[in-house]
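Next come the chains, spelled out residue by residue.
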Amino acid sequence: TAAMSGLQLGNVEQQEPVEPAPIRHAKETESVTSIHVAPDADLLLEEVEVAEATDPHMHLRVPQKYVVQFIQNELEQADACKSLPMALLLFCAYAMMAVLRLDQESRFSMNHALEHDIRDNANFAFSHNIGSKAIDDVNSVADFYSWLRMGLVPLVLGPAQQYGYSEGFQEGTLRAPGPPGTCSREPGVWPADKPLASDGRGWKKMRFASDVEQQVPVLGDYLQFNRIIGGIQLVQTIAAPAKCKTGKYDSFSELWGKGCFPVPTYFNIPPEDHHAEIIGAYDRQEWLLLKDPVDPVLIQKTVDMETGCQGMTGAACLCKTCQEAGEPFAPWIDEKTQKVTARFLVFNPTYGQFASVSSVFFFTRSGHIWKMLVVQNFQMAPYGVNDVGGSAALIGAAIVWCAILVKMAAEEVVEIYATFRDYGVRETPARYLGVWNVMDWVSIAGSFPVLIVWLQYDLAVGDVNAAMERLIAEELLQDLGELDALYRLVDIATASAKDQRYLLFAYPVVVMLRLFKSFNKQPRLALVTQTLGDCALDILHFGFVLAVIFFTYVVSGICLFGQNLPEFARFDRAVHVTFMMLLGGSDWDAMADAAGGQVQAGVFYWTFNILMCTLMLNMLLAIIMETYGGVKGRIGVDAETLVSQAMEIYSRSRKAKSGEYIRLDQVLDALHRKEEKTLMDRSSAEFRNGNGTAKHIQLRDRAIDNAATCVAPLGLNDVFKLVRGIRTAEVVELLEGGKILWETEEPPVSDFLQKIGKCQEKLSRFRQAADVLTLRMHRAVLRKHGEEGAEECVARRPHTRPPPAEPAKLEALQAMLSEGLISRTEFDACKGVFFRSIGVATTMP
């Protein structure tokens, strides 16, 4: 019965050579002489079919590997579904923490106000009261000094600009009463002995809205709500001398008559913001302080800087760095100058922010000057001590974010320990390291730079606040040495703020990958990840062709447009602008002008759009969409939704707590223990006593592998024996789930079994072959050893092989093999099953 049922249900497994099994009947107490093949095998099978008909689930037998796989999938899906709320909470906590930490709304307001005022109101080239040029019109050294003296200094340091009245106010107060709607004050109301000074000094006191009376103008007030600290700092960096690129023609150098001072290559094209933000070490420095009156001190100092104090008659030179070279004094800007920065520090108490406003000028060696205006700000109180609600929300979000990361790290450590316990040191990396576990550790490791820069930013802001408190208390806000130290601390704080902003920008990508881990085990959420995973190889090969064509156009664009378009002047910028063209962004007029004609630009533009945009991109989309359709079809329209999966997990958990169901991990452990026991029973005493040793770990490793690969069928009774207290409904659910995997995967063994089930004639011939082979083998043993000798031989389970069978004994199987009904592998597997069923070594030919 065991032999026939094993044949029918597909107990065809690849095992190591083992000892011959004893010849047993249904009752182990019967003697060997009572062992025989039922004279009517079909009658026995009919009895089995009747038993199966009484219980519709009795016939449900599935290879163990698929049951194990189904249980593992269910456990992984449950873990992924349970981790989804935690992953979403991680993202929400991080989002709230980042938004509250940066406070980008108030920072934008500060940046826009300061940049707009400098760009639009720091004017020069006046005609009457209107300045017709601004910072973007500075194209020479003379323009720079005009902008500095007539635009920036009066705007930022001139108190009359901050507390002035409307245009024509003084004239309006001295005229006679006019018609209705005009000024009706009597003449002489404004004191004639206190005219409005050009710099606003000497004004009377003014009562502010806060009911505070101050002498106006207030020194350093800027845009009504800001306070300038110290004044304007002017710094520049100079270039080192180098040999001129005149080659072997020395006469050219003689014609030039001056040295060459090359600058970095990024000066040749419009620089980026990070080039302007970097102050670092500087070579020349001058200060325009608030304590000095605009006229004549500050205006005279800018004149001395421009002329190098030449042509002075008896007055002291106010440009300190101009005197370093000795007489005759040199101008502050010369051929060595490569970058000049005019900046000032602003404090806004309403927003609680410091802002560094920098006007940066890059002096190229072609004679052009690139201009940039950069505003960098940071919070003086990063946690909003005056905003209780915002501060509590920020701290709470940060605590939740850190707690989730600690929980993730603890879970990964526990998983590593469990893997190490089960498989040992050598197997742990291969068993543990996977894509999603790596993503978890990336999420955890990525938090450390965020935390480090977070603390660095807090410390840098604390240093600035401490320095400001000391300068205010000791009245050192006009001391040059203290101001220079304060501005360097501000540089550190702004750099930390920038690093923090970049890290907070990058970390959400890591959190997104963490969410994909939870999506991957839900069929409908995993459409994206499975689609990209399935078509990754195709995209890789297609991407190679796409990249070759793309970079061909990058190089062509550099050659065609580079000398006239800065976007194509450098390789990295050309890559960027070509990619933007791929997405539909292009400036045809500029390209046509840069190429020297519409024909030249048209060849580039037309071929690029036809080949790249029309053909290649659509082919890429076709590859992805075809794979997407296949993945969606594989999942099916009846795929489990997120809600139904959550309800199923909740229902199973509730039943497990009530005792109605056995937990899936316990069922899986029972299957592992079954294989472990089998291996221990087949091993020597040395292995049996090796609990906790390396050999025991090897046994456990093999047991888990065997449980996951064993094709031995599992039925209701098998599971009942392995798992005590399990209910029939749960067993049927597990077997049905394994059956679905078995039918969808169609491995070679299951394919063989499906052939048997579909072909009744083939199955009948298998039964006949089993009967003939079993009977002849038993008779051969009897003829060889006699009845008593056979009983003793089988009882002792000798390792010696019985006499080889004659070829005629396998004629039934060989006939099926020759007719192509079974393959060679199936033939060998069936032969092994027949021999093992009667206690014959599987090595017998």
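Residues numbered from 1 in each chain as written. Predicted model: local features only at pLDDT ≥ 70, side-chain atom pairs only at ≥ 80, totals over all residues. Heavy atoms only, no water.

Chemist: Hey, could you run me through unusual backbone geometry in this one?
Modeler: The phi torsion at Ala125 lies on the positive side, around 60°, for a residue other than glycine. Examined against the element boundaries, Ala125 turns out to sit in strand 2 (residues 124-127). In this model, Gln224 sits at a positive phi of 70°, which is unusual for a non-glycine residue. With respect to the helices and strands, Gln224 occurs in the loop between strand 6 (221-222) and strand 7 (226-238). (Helix = DSSP H or I, 4+ residues; strand = E, 2+ residues; numbered from the N terminus.)

Chemist: Explain empty space enclosed by the protein to me, please; I cannot follow it from the model alone.
Modeler: Empty pockets left among the atoms are what a rolling probe the size of a water molecule brings to light. According to the stated counting rule, one finds 5 cavities of 30 Å³ or more in the structure shown. Volume-wise, the largest cavity comes out at about 40 Å³. Lining the largest cavity, in full, are Glu74, Gln77, Ala78, Glu640, Gln645, Glu648 and Ile649. Elements with a contribution of two residues or more to the lining of the largest cavity: helix 3 (64-102) and helix 19 (642-658). Along the lines of polarity and charge, the residues of the lining of the largest cavity split into 2 nonpolar, 2 polar and 3 charged. (1 Å grid on protein atoms, 1.4 Å probe; cavity = no way out; pocket = protein on both sides within 12 Å on 5 of 7 lines; lining within 4 Å. Points joined across faces, edges and corners; volume = space filled by probe spheres on them. Nonpolar A, V, L, I, M, F, W, Y, C, P; charged D, E, K, R; others polar.)

Chemist: In this structure, what is going on with the nonpolar core? I would like to understand it.
Modeler: Across soluble globular proteins, you tend to see nonpolar side chains buried next to one another. Counting 62 residues, the largest nonpolar core has Ile118, Trp147 and Phe344 as the members making the most contacts within it. The biggest single contributor to this core is helix 5 (residues 141-157), with 9 residues. Counting residues in each nonpolar core, the second largest holds 26 residues, with Phe542, Val577, Phe604 and Cys613 among its members. (Core = buried A, V, L, I, M, F, W, Y, C linked by side-chain atoms within 4.5 Å. Buried < 20%, exposed > 50% of the residue type's maximum accessible area, 1.4 Å probe, protein only.)

Chemist: It is not clear to me how the confidence of the model for the protein should be interpreted in this structure. Could you clarify?
Modeler: Interpretation of this model should avoid reading the predicted coordinates in detail wherever pLDDT is low. Per-residue confidence for the protein averages 75 on the pLDDT scale, and 68% of its residues sit at or above 70. Of the regions scoring below 50 in pLDDT, residues 173-203 engages in 42 contacts with residues more than four places distant in sequence or in other chains. Scored below 50 in pLDDT, residues 683-693 shows 10 contacts in the model against residues more than four places distant or in partner chains. (pLDDT = per-residue confidence, 0-100. Contact = heavy atoms within 4.5 Å.)

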